[in-house]
Each structure stands twice: as structure tokens, then as C-alpha cells.
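Each chain, written out:
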Amino acid sequence: MNRRKINVLLVEDEEAHAELIRRAFEPRAELMGLSWATNLREAREQLEKENPDLALIDLVLPDGKGDELLPADGEEAQYPIVIMTSHGDEEVAVEAMKAGALNYVVKSGETLANMPQIVEGALREWGHVVERRRAEEALQTSEEHFRFLIENALDVITEVDAQGTIHYASPAMERVLGYSPRDRIGTNMFGLIHPDDREEVIRKVFESFDQPGITQSFESRYRHKDGSTRVLEAVASTHIQADGQQRGVINSRDVTERKSAEDENNRLEEQLRYSQKWEIIGSLAGGIANEFNNMLTPILGFAYMALEEAPVGSKTRKGLEHILTAANRSRDLAEQILAFSRQSEPQRKPVQLNHLVGEALKLLRPSLPANIEIRHEIEIEQDTVIADPDQMHQVLMNLCTNAHHAMPEGGVLEVSLDAVEIDAEFERIHTRPHEGAYVRLTVRDTGHGMDSATKERVLEPFFTTKGTGERSGLGLSVAHGIVVSHGGDLMVESEPEKGTAIHVYLPQAERGFEQEAKAS
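Residues numbered from 1 in each chain as written. Predicted model: local features only at pLDDT ≥ 70, side-chain atom pairs only at ≥ 80, totals over all residues. Heavy atoms only, no water.

Draft legend 1. The overall build of the chain, seen in detail. Helix and strand counts for the chain stand at 16 helices and 19 strands. Split into buried and exposed, the 520 residues of the chain put 40% on the buried side. Considering only intrachain contacts with a sequence separation of at least 6, the fraction spanning at least 24 residues in the chain is 64%. Element-wise, carbon and sulfur atoms account for 50% of the exposed surface of the chain, whose accessible area totals about 29900 Å². (Helix = DSSP H or I, 4+ residues; strand = E, 2+ residues; numbered from the N terminus. Buried < 20%, exposed > 50% of the residue type's maximum accessible area, 1.4 Å probe, protein only. Contact = heavy atoms within 4.5 Å. Areas by Shrake-Rupley, 256 points an atom, 1.4 Å probe, with all protein chains shown as cover.)

So, in C-alpha cells, the structure goes:
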């Protein structure tokens, strides 16, 4: 394969010098072609036609300085340029090299005769310059490419040291968390993390520093600049820099909307399950109530017959009257269960809770063991609510029965009434009850109490803490449903070994209804 002839441009006004250089190139005429210009004008004319593979330029020319042929400021040379100087011009030649010349030589008989070798050496050096330039351009292109990817990425990319100090933050930080990346450089990334998640994130990040090359994944809540909370899903890894220092790279993705959608979906699924449970309860309730009525009919019949034969004023008659009162209450309860199964509206009227509590405790006392002390505390004047009396009786009996079962070794059962005013802040935190005046019925026991997991589920239908073979039922969930249907709410307060308090909030009736309740 024939090699392409190297084209060398010589810019030299001294004819003798040019002749020596020409003669030096003659033995290499097949490999190197030499063109000659005697001044800047001729050199420019030749350069306009074609760039040489190399230019030999005398520093001093008739129409100016040879360095005028060097690249302009900010431009790169397109071909190698070797400056030739006379004795004493070295400093000027060095300045020319700074301006873009590849090399310089001081003219002498020896250097002019060795000019072909000088050209070959310059071309080899130029080859290295070109390769280095290509590598730098490729690196710059790569850096620009990755900078573009990072700066336009949706994820927040941060680089931190082992103490969590931020050394780099991508522009996405401002979009996701509201903070300018420039403002966060030098601050600690852990300061933005929710206190409840901070310890886990710190542990994960430190593990990535202890095990370089292994990716750590975590999810945490971050504080947005506007005070809101964002949920970020992140992966952390560690790399070692050229100076030997470790840096952690954390890639975080905003999943707040996804988590919100998941929570809403879970809430809807839970609501569906809850509705399905109540549908099952409704189906069961009708059958149970019918059977219950069938059993009550002979009890009521025989009790009425026995009452007619019992002497007036006797203990037997008084006992039968209590039996009839309880049986009639049970019959009314069966009707309430049937009404519940049909989703019908109960009959509501003004009810004084103090009288209802007194009646319920009077019926309850004979069924409780002697080691259960009953306390009845009233701290309210206006205790009237608009309610179904039988349903309120059912609620109270369920709560007292649950309290009794929580104290198998005895204790104190306390029933109290007081007035409370629900404000907007209370409603915001608890959702129910709504803002307004309420009568609060509290049933408190000194039993074993409940842990947080049990307390969260205690209002669910079918949930029970009783063991196999013990009584269980729908008492608390049914009571909760009744209270909510009356515009109030039922709240559970309990701690292990500290007892339980059930608070029932019912809207307080107006004064006119209170007078009506007292009259009835």
C-alpha cells in the first residue's frame, strides 16, 4: 500500500535557508513534499487552498511576524506548526508555543540540514496531541451526556460523605423537595428526613459505606420546603474517588402519589371488607332475633302466669317483676336486632341518660360477682339526648358486660356522665364527633387493659380477645354502630394492666327536649 505523501509548508524569506531545507528534503522526496512561501501573504494564499500536514514558519518575515499564522485566541491548531528563530529569539518562540505552535527550533546549519528528522518528530508528537485531544473531546462529550441525563432526571441524585454532608445535589431536588441544590451543598441530608425514619436511613447509608459496591434500598419520608411531607424511595451505593475518599451516591424517587393511591386503595378495600362483614351480620341478625323471640315467648307467658299467683308485696312477686322487666327488655332488643337487619330507622325520642344508667345498673347488679364494685358518678345537669332508649340500654349493657369480663378477679366498674364541648381541633384530629355540645357516657374498668394492636381492632365485627369456648359476640362493634348512627362516636382508651375506658359521645338535646324527657 502506498503511503500518502506528507505535505510540508515552508514559510521562509531567506533564500539560502530555504535552499538548505529543500536539499535536506530531496532524499525523502517520495515521502515528503515541500512547498515554499516567502512571506505572510503567500503563506495565507496557500493555506486558503489547502492545509498542510505541517508548517515550518520563520518567526520574522518581510511583511510581519510568523506568529500571525498561529490560531486565533480560543481556537485549536488544525495542523502542527514549528517556529524557526534566529539566535536570541527563544523567549519569543516560547511565547509562540504558548499561542499554539507545536515546537520551535533555533536556525543553524545543523538544524536546517536535519529538518526532515525534526518534521518527523513533530508529526509523531502531533499524533499524540491529536489522540489526547480526541480523548478529551470524548470525555467531555461523555460528561456532557451524563450531566444532561442527571440534570434532566426525575430522580433526586445526591452525593454525600460518610457524615451525610451533601457534596452534590441534582436539579430534581428543587422540583421534588423545593430546595435549591446550591442551598443544600454543605448541609446534612439526614436533617431533611422525618425523625421516625432517620435512624433507619442512617443505618442503611452507613452500611453502604461499610460495604462498597453493595446497594442498599430504603423508603423514607422527607420534609418539603413548604412544610409538607414527601415519601421517597431510594437506593444508596458507595464509590471511591481518585483521592481515596469515599462518597455515597443516593438515587431517590418521589413515590408520594403512589403511596397515597395505595393507602386510598387499602382504605377502600378495608371499607369493602367492613361492609361485607356488616352484610353478614345483618343476615345473621334476622335469624337470631326470630329464634330469640321464640325463646322469650314462653318465658314471658309463664312469668305473667306466675305473677298472677304470687302474693302482693312478696319477694317472689318482686323477683318476677324483675324477670318480666328484663324479658321485655330482651324482647325490645330482639326487635332492635330485626330493625338492624332490615336497616330500618329506630324510634328516637328525648332520653335522660341518668335514668337509663340507673335502671341498667339496677338490672346488672344481681348478675355481677361480689368482687365487682359498681360506682355511678354524674357530673352533668343536662343529660338529655335524642335517642332510641332500647338501643341506648343495649349499648350500656354491652359496655358493662365487657368491663365485667375484663375483671375476672374483681375490680371497679365505674359509669359516669359529663358534658363536653367538641371544638374544631378535636374534630380535625378524630374526624368524629362533629363540633358542638355532647353528653359523654364513660364506662371504665380496672381490668387487664389492651395493647395498641388489640385496641386498633376492637371495634371490628367478629373480633374477640376471648379464647375458644368463651363467650364472644358483636357487642362493641354493634354498640359503635348504634352510637355513630345517633350522630356521635365511641372511643376506646386503654393500656395493658391499666384498665379500659369506653367513651360514648352523644349530641346534647336542646332545653325543650330536656323538659319533654323529664315529663315522660
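Draft legend 2. View of helix 1 (residues 15-25). Of the positions making up helix 1, those classed as buried are Ala18, Ile21, Ala24 and Phe25. The buried residues of helix 1 occupy an angular sector of 120° when projected down its axis, which confines them to one face. Turned more than 90 degrees away from the buried face of helix 1 sit Glu15, Ala16 and Arg23, all of them exposed. (Arc of directions from axis to C-beta.)

Draft legend 3. Quick look at the side chain of Asp445. When you line up the elements, Asp445 lands in strand 17 (residues 436-445). Arg444 provides the closest opposite charge to the buried, unpaired Asp445, separated from it by 8.8 Å. Separated by 2.8 Å, the side chain of Asp445 and the backbone nitrogen of Gly447 make a polar contact. Not counting residues within four places of it along the chain, the set of residues in contact with Asp445 comprises Ala403, Ala406, Met407, Val412, Gly499 and Thr500. (Lys, Arg positive; Asp, Glu negative; His and termini not counted. Salt bridge = Lys/Arg side-chain N within 4 Å of Asp/Glu carboxyl O. Polar contact = N/O pair within 3.5 Å; in protein donor to acceptor, adjacent residues only side chain to side chain.)

Draft legend 4. Expanded view of the sheet that holds strand 8 (residues 156-160). An order of 9-8-12-11-10 is seen for the 5 strands of this open sheet, with the pairing classed as antiparallel. In the strand order of this sheet, the two ends are held by strand 9 (166-169) and strand 10 (216-223), each with one partner. Strand-to-strand twist across the sheet, computed as the mean angle between neighbouring axes with direction ignored, equals 30°. Two elements, strand 10 and strand 11 (residues 229-240), share 8 bridges in a ladder whose sense is antiparallel. Counterpart to Phe218 in the pairing with strand 11 is Ala234. Lying on the sheet, helix 8 (residues 195-210) is in contact with strand 8, strand 10, strand 11 and strand 12 (246-254); it crosses strand 10 at an angle near 145°. (Pairing = 2+ DSSP bridges. Axes fitted to C-alpha atoms, helices over the stretch in contact; angles between N-to-C directions.)

Draft legend 5. Highlighting the pairing of strand 16 (residues 411-422). Among the 12 residues in strand 16, 10 count as buried, and that is most of the element. Inspection of the sheet shows strand 14 (residues 372-379) paired to strand 16 by 8 bridges, in the parallel sense. When the bridges of strand 16 are listed, His376 appears paired with Val415.

Draft legend 6. Examining the nonpolar core more closely. Grouped together as the largest cluster of nonpolar side chains are 37 residues, with contacts concentrated most on Leu396, Leu413 and Leu490. Elements with a contribution of two residues or more to this core: helix 11 (353-364), strand 15 (384-387), helix 12 (389-405), strand 16, strand 17, helix 15 (475-485), strand 18 (489-494) and strand 19 (500-507). Leaving out residues up to four positions away in the same chain, Leu490 has contacts with Leu399, Leu459, Leu476, Ala479, His480, Val483, Ile502, His503 and Val504. Among the nonpolar cores identified, the runner-up in size contains 22 residues, and Val160, Ala169, Tyr179 and Leu232 belong to it. (Core = buried A, V, L, I, M, F, W, Y, C linked by side-chain atoms within 4.5 Å.)

Nothing here speaks to function; it is all geometry.
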